[in-house]
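Now for the letters of each chain:
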Amino acid sequence: MSEKTDKNVQAGKAATADTAGGTEQRRLSVFKTYKLYVGGKFPRSESGRVFEVTDSGGNWLANAPLSSRKDARDAVVAARKAFGGWAGATAYNRGQVLYRVAEMLEGRREQFVREVADAEGLSQAQAAAQVDAAVDRWVWYAGWTDKIAQIVGGGNPVAGPFFNLSSPEPTGVVAVLAPQESSFLGLVSVLAPVIATGNTAVVVASEKAPLPALSLGEVLATSDVPGGVVNILSGRTAEIAAPLAAHQDVNAIDLAGADEALAKELEIAAADNLKRVLRPQPVDNWAAAPGTDRMTAFLETKTVWHPTGSLGASGSAY
């Protein structure tokens, strides 16, 4: 037996002994590669750029894609393509899909607790509370999908031989600037109501803590959410939001993650095609009951008129 072969045999025996004895083997860590989520796929930024993401203490966590204007336009194309099918699905079916998102998040709870803790400088217990609240929020909005029409639509009293019915319809493609400080619960709180009501979304993740949002894309991809219904971009909020606010095929924009100066600029840009604009509002506690305001913010009301007609000589009508 050669010296080289003998060394290999000895190394193999040592590795076997370590394994049998329960000694942990030395191995290289597999670093997670974070990517965008656009059209149901996971592309890198078309520019090839990345930026460093650090934890609350300034320690490096990962490189995240630095989205460009082209990425924003691609996301809008994907959202528009998906809009017809998602808006045309039954409200009950949308509720089932949102509930499936909650199921998948529950199964990956530990991962999100770790990412939220790193992103926001929280303890494990605090991060777990945030993740649990986010899971519950998906369930809450899942229950509203087939009920929102009952509180914002219905028959209207009319003085005449006709009646009319009002029903809510989704606005279309909604750009969502996720809250900067609440990287996950805040994100879910502004995203879930948009898609629960049949809209499609282009989300700009928190600039300082984008990793939980990018991981959410992986959950959505395995939760029966059709590709393009949610598209997630990471990078500089102002750089990505500007083309979205001015985009002629974006119907509405939620400015939750914009500061006052940026919000004003984006609101002016959004006026060019009469976008619906939801200005940033201070939120002390994202875990508080959300109400229905964010669902109704991106709904249109369609009213259909119909003549009643007369029944017989008596003049009675139906």
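Structure report, in brief.

Conventions and cut-offs
Residues numbered from 1 in each chain as written. Predicted model: local features only at pLDDT ≥ 70, side-chain atom pairs only at ≥ 80, totals over all residues. Heavy atoms only, no water. Axes fitted to C-alpha atoms, helices over the stretch in contact; angles between N-to-C directions. Helix = DSSP H or I, 4+ residues; strand = E, 2+ residues; numbered from the N terminus. Parallel < 35°, antiparallel > 145°, perpendicular 65-115°, else oblique. Left-handed = near helix turned anticlockwise from the far one by under 90°. Contact = heavy atoms within 4.5 Å. Buried < 20%, exposed > 50% of the residue type's maximum accessible area, 1.4 Å probe, protein only. Arc of directions from axis to C-beta. Lys, Arg positive; Asp, Glu negative; His and termini not counted. Salt bridge = Lys/Arg side-chain N within 4 Å of Asp/Glu carboxyl O. Polar contact = N/O pair within 3.5 Å; in protein donor to acceptor, adjacent residues only side chain to side chain. Pairing = 2+ DSSP bridges. Phe/Tyr/Trp six-rings, centres within 6.5 Å; stacked < 30°, edge-to-face > 60°. Lys NZ or Arg CZ within 6 Å of the ring centre and 35° of its normal.

1. Observations regarding the packing of helix α2 (residues 69-88) against helix α9 (residues 237-246)
Then comes step 1: Remark: α2 packs on α9, axes separated minimally by 9 Å, with the N-to-C direction vectors making an angle of 45°. Classified by the angle between their axes, α2 and α9 sit oblique to one another. Handedness of the α2/α9 crossing: right-handed. Contacts from R69, A72 and V76 in α2 reach E239, I240, A242, P243 and L244 in α9.

2. Some details on helix α10 (residues 260-270)
Then comes step 1: Here α10 has its buried residues at L262, A263, L266 and A270. For α10, the angular spread of buried residues about the axis comes to 100°, placing them on one side. In α10, the exposed positions angled more than 90 degrees off the buried face are occupied by E260, A261, K264, E265 and I268.
Then comes step 2: Buried residues along α10 sit in contact with β5 (173-177), α9, β8 (252-254) and β9 (276-278).

3. Some words on the side chain of R137
Then comes step 1: Among the structural elements, R137 can be located in helix α5 (residues 124-144).
Then comes step 2: For the buried R137, no salt bridge exists, and the shortest N-O distance to an oppositely charged side chain is 8.1 Å, to D136.
Then comes step 3: Among the polar contacts listed, one links the side chain of R137 to the backbone oxygen of W286, at a separation of 2.5 Å.
Then comes step 4: Setting aside its immediate chain neighbours within four residues, R137 contacts L185, V188, S189, W286, A287, A288, A289 and P290.

4. Focus: the sheet that holds strand β6 (residues 200-204)
Then comes step 1: Spatial strand order, β7-β6-β5-β8-β9: five strands in an open sheet with parallel pairing. Unpaired on one side and paired on the other, β7 (230-233) and β9 mark the two borders of the sheet. Along the sheet, successive strands turn relative to each other by an average axial angle of 15°, direction set aside.
Then comes step 2: Pairing of β5 with β6 involves five bridges; the strand directions are parallel. Along β6, the bridge assignment pairs V173 with T200.
Then comes step 3: Docked against the sheet, α9 engages β5, β6, β7 and β8, running at close to 150° with respect to β6.

5. Points about the packing of aromatic side chains
For any pair of aromatic rings, geometry is given as the distance between the ring centres together with the angle between the planes.
Then comes step 1: As enumerated under the stated definition, the model contains five aromatic pairs in all.
Then comes step 2: Seen in terms of ring centroids, F31 and W60 are 6.0 Å apart; in terms of plane orientation they differ by 75°. Their pairing is edge-to-face. Here the residue F31 occupies a position in the loop between α1 (3-20) and β1 (50-54), and W60 occupies one in strand β2 (residues 60-65), the gap between them amounting to 29 residues.
Then comes step 3: With 5.0 Å between their ring centres and 90° between their planes, W140 and Y141 make a pair best called edge-to-face.
Then comes step 4: The partly exposed category is assigned to W140, whose relative accessible area is 32%.
Then comes step 5: Owing to a relative accessible area of 0%, Y141 belongs among the buried residues under this scheme.
Then comes step 6: Through pairs of rings, three or more aromatic residues link up here, namely W140, Y141 and W144.
Then comes step 7: Positioned above the aromatic ring of Y34, the side-chain terminus of K32 is 5.2 Å from the ring centre.

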